[in-house]
Amino acid sequence: MARILVVDDDVLILAALSRILQAEGYEVVTHSDPVVAAREQGFDVVLTDFMMPYLNGIELLSALREKNPRAVRLMLTAAADFKTASEAVNRGEVFRLLGKPWALSELTSSVRQAIEHHRLVAANERLTREVAEKNAELLSINEGLERRVIERTTGLLDGLISALDYRDTETQWHSRRVSLYARRLAQEIGLTGPALDVVEQGALLHDIGKIGVRDSILLKPGPLTPDEWVEMKLHPEFGYRMLAKMPYLHEAALIVLQHQERWDGKGYPLGLQGEEIVIGARIFCLVDTLDAITSDRPYRKGRPMSVARDEVRRCSGTQFDPMLAEAFLGLPETEWARIRREVELMEEAESHRWTGAKLDANGQPMPARAAGA
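**Student:** How should helix α3 (residues 57-65) be read in this particular structure?
**Tutor:** Along an α-helix, residues three or four apart share an orientation, since each turn contains 3.6 residues. For α3, the complete set of buried residues consists of G57, I58, L60, L61 and L64. Buried residues in α3, looked at end-on, bunch into an arc of 160 degrees, giving them a common side. In this structure N56 caps α3, since a side-chain oxygen of it lies 3.0 Å from the backbone nitrogen of I58.

**Student:** Mind showing me how you'd approach the state of the cysteines here?
**Tutor:** By definition, a disulfide links the sulfur atoms of two cysteine residues through a covalent bond. Taken as a whole, this structure holds 0 disulfides when the rule is applied. C285 forms no disulfide, and the closest cysteine sulfur to it belongs to C315, at a distance of 8.8 Å. With relative accessibility at 8%, the residue C285 sits in the buried group.

**Student:** What is the right way to read the pattern of salt bridges from this model?
**Tutor:** Pairing between side chains of opposite charge can happen when the charged atoms of each approach one another. Tallying each qualifying case throughout the model produces 24 salt bridges. With a closest N to O distance of 3.2 Å, E24 and R112 form a salt bridge. With a gap of 88 residues between them, E24 in the loop between α1 (11-23) and β2 (27-31) and R112 in helix α5 (residues 104-129) connect regions that are remote in the sequence. The partner of R314 in a salt bridge is E311, and the shortest N-O contact between them spans 2.8 Å.

**Student:** Looking at this structure, I do not really get the sheet that holds β2. What am I missing?
**Tutor:** Note on sheets: strands pair through backbone hydrogen bonds, and any given pair is parallel or antiparallel. Across the sheet, 5 strands lie side by side as β2-β1-β3-β4-β5; this open sheet has parallel pairing. Looking along the sheet, the strands with just one partner apiece sit at the ends: β2 and β5 (96-100). Between one strand axis and the next, the sheet turns by 20 degrees as a mean value, whatever way the strands run. Summarising the sheet, strand β4 (residues 72-78) and β5 pair through 5 bridges and their orientation is parallel. Its bridge partner being in β5, A78 is matched across the sheet by K100.

**Student:** I keep staring at unusual backbone geometry and nothing clicks. Help me out?
**Tutor:** Cis geometry marks the peptide bond from K100 to P101; its omega dihedral reads 0 degrees. With an omega dihedral of 10 degrees, the bond running from Y268 to P269 counts as a cis peptide bond. Within the element layout of this structure, P269 appears in the loop between α12 (250-258) and α13 (279-294).

**Student:** Quick question: what am I supposed to make of the side chain of H206 here?
**Tutor:** Along the chain, H206 falls in the loop between α8 (193-204) and α9 (215-218). Assessed through its relative accessible area of 1%, H206 is described here as buried. If near-sequence neighbours (up to four positions away) are discounted, H206 is found in contact with H174, S175, V178, H235, V256, H259 and F284.

**Student:** What am I meant to see in the side chain of R184 here?
**Tutor:** Structurally, R184 is set in helix α7 (residues 174-188). Those residues within four positions of R184 in sequence are excluded, and the remaining contacts are L331, E335, W336, R338 and I339.

**Student:** It is not clear to me how the packing of aromatic side chains should be interpreted in this structure. Could you clarify?
**Tutor:** Each aromatic ring pair is characterised by the separation of its centres together with the angle its planes make. Within the structure shown, the criterion is met by 2 aromatic pairs. Taken together, a centroid distance of 5.3 Å and an interplanar angle of 35 degrees make the contact between F328 and W336 tilted. You can call F328 buried: its relative accessible area is 0%. The rings of Y181, F328 and W336 are connected pair by pair, giving a single aromatic cluster. Here the guanidinium or amino end of R3 rests over the ring plane of F43, the centre of that ring lying 4.5 Å away. Lying across the ring of W173, R176 places its NZ or CZ 5.0 Å from the centre.

**Student:** Would you explain helix α14 (residues 305-315) in this entry?
**Tutor:** For α14, the set of buried residues is M305, A308, R309, V312 and C315. Down the axis of α14, the sector holding all buried residues measures 140 degrees, keeping them to one side. The first or second residue beyond α14 is G317, which carries a positive phi of 90 degrees.

The rules behind each value
- Residues numbered from 1 in each chain as written.
- Predicted model: local features only at pLDDT ≥ 70, side-chain atom pairs only at ≥ 80, totals over all residues.
- Heavy atoms only, no water.
- Buried < 20%, exposed > 50% of the residue type's maximum accessible area, 1.4 Å probe, protein only.
- Helix = DSSP H or I, 4+ residues; strand = E, 2+ residues; numbered from the N terminus.
- Arc of directions from axis to C-beta.
- Polar contact = N/O pair within 3.5 Å; in protein donor to acceptor, adjacent residues only side chain to side chain.
- Disulfide = S-S within 2.5 Å.
- Salt bridge = Lys/Arg side-chain N within 4 Å of Asp/Glu carboxyl O.
- Pairing = 2+ DSSP bridges.
- Axes fitted to C-alpha atoms, helices over the stretch in contact; angles between N-to-C directions.
- Contact = heavy atoms within 4.5 Å.
- Phe/Tyr/Trp six-rings, centres within 6.5 Å; stacked < 30°, edge-to-face > 60°.
- Lys NZ or Arg CZ within 6 Å of the ring centre and 35° of its normal.

Written out as structure tokens, the structure reads:
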């Protein structure tokens, strides 16, 4: 039976998590005091809140690492704690970052994946010692681990994108739209396979560096001052530094770094021009304009696709790669409408999932048995 340590200073949340995980068949040990929890050992998975007295979640995971080096780490974080996301990646070696309030299906799925990852790592270590006799089995396990690494990275980045969406609600779902727009335009110019995935990943993560921008600037309702623009323009470099050390995302990180560059060299942060800019960043530049023009904003309604097409035509050769502008203009408007509707359906499903859940007195999702009590 898998053994899970759960730590949260809120005893109601702790009780809810314990009931959910015990119902899944796990042995659960809970602590509301992170200092006491730091002495525990012998766990497959550790699930901890971030914001706690005496030790925060990252400090707790660091303390537990010595006695529980193989324990897979999951962290819960509230919407106000998004600046901790990069620390969770770099210091806490977090397998998955989950938001508060959590979705029950996402929580249980993440725990199952963490336990499976723990099992695969343990099996890999055992088979390494038996490599001469079990070479074929070792290869299979390694392939499984590679898939798990990709799942871990993807899951963690999904959490980061959701965190950014909740923080900057003005452009919520923007990242998901432009990622699919970018993939479609990349297909139109002949990109295939992994190259398509890189373009989609880079577009999805383009604004991840805004996690490092102060709320007073990111959420400012009026125009930014020149000094504030200097800080805002650092977000491509913040994002690049967050992602570049992950081999799986190295190429996508270049798109993040260059997504504000222009074909004519008047962009930032590097002032690149023409084909010095990676193709994914050139694609993003165009579809970002498409989404900005056709989406609603608090200060104006979204404008028709014809306005976006006129803007792309007008800025071909200055802001946009002429080849990409021609490819975009050759696609029917129904393609972009189809993609927008696809994201709207995702948004509706997400909204239904949250509004259909019952919450406890602390605003947290209640397990099914408690909700019906």
